[in-house]
Amino acid sequence: MKERVQTVIDKIRPMLQADGGDVELVDYEDGVVKVRLKGACAGCPMSQMTLRNGIERLLKEELPEIKSVVQA
């Protein structure tokens with residue numbers, strides 16, 4: 001499952017990198033994905049919106065077994 005989550009994150013990564021940020025998969029356990037926002041995303045005031053409306057939304061669309069995405 002972790003590999004499937006990583007594949008979806010790899011689709012998101014170019015959008016974040018275009019703005020100077022990045023995302024790293026830290027862990028997956030029981031439907032909860034833990035990620036670390038890096039670069040410009042780490043200190044951005046919009047990071048929670050990026051996490052919820054971008055990363056979490058896409059992961060849940062592609063992998064319905066995902067319950068939530070949290071910052072590690």
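Residues numbered from 1 in each chain as written. Predicted model: local features only at pLDDT ≥ 70, side-chain atom pairs only at ≥ 80, totals over all residues. Heavy atoms only, no water.

A.B. asks: Give a detailed account of the pattern of salt bridges, specifying residues and quantitative values.
C.D. replies: Applying the stated criterion across every chain yields a total of eight salt bridges. Taking the shortest distance from any N to any O, the salt bridge between R13 and D10 comes out at 2.7 Å. With R13 and D10 both in helix 1 (residues 2–18) and three residues apart, this pair spans about one turn of that helix. A salt bridge links K38 to E24; the shortest N-O distance between them is 3.8 Å. Here E24 lies in strand 1 (residues 21–29) and K38 lies in strand 2 (residues 32–39), a separation of 14 residues in the sequence. (Salt bridge = Lys/Arg side-chain N within 4 Å of Asp/Glu carboxyl O. Helix = DSSP H or I, 4+ residues; strand = E, 2+ residues; numbered from the N terminus.)

A.B. asks: Talk me through the environment of L25; I want residue IDs and the actual numbers.
C.D. replies: In this structure, L25 sits in strand 1. You can call L25 buried: its relative accessible area is 12%. Measuring from C-alpha to C-alpha, the distance between L25 and V5 comes to 8.1 Å, with 20 residues separating the pair along the chain. Apart from residues no more than four positions distant in its own chain, L25 is found in contact with K2, V5, Q6, I9, V33, K34 and V35. (Buried < 20%, exposed > 50% of the residue type's maximum accessible area, 1.4 Å probe, protein only. Contact = heavy atoms within 4.5 Å.)

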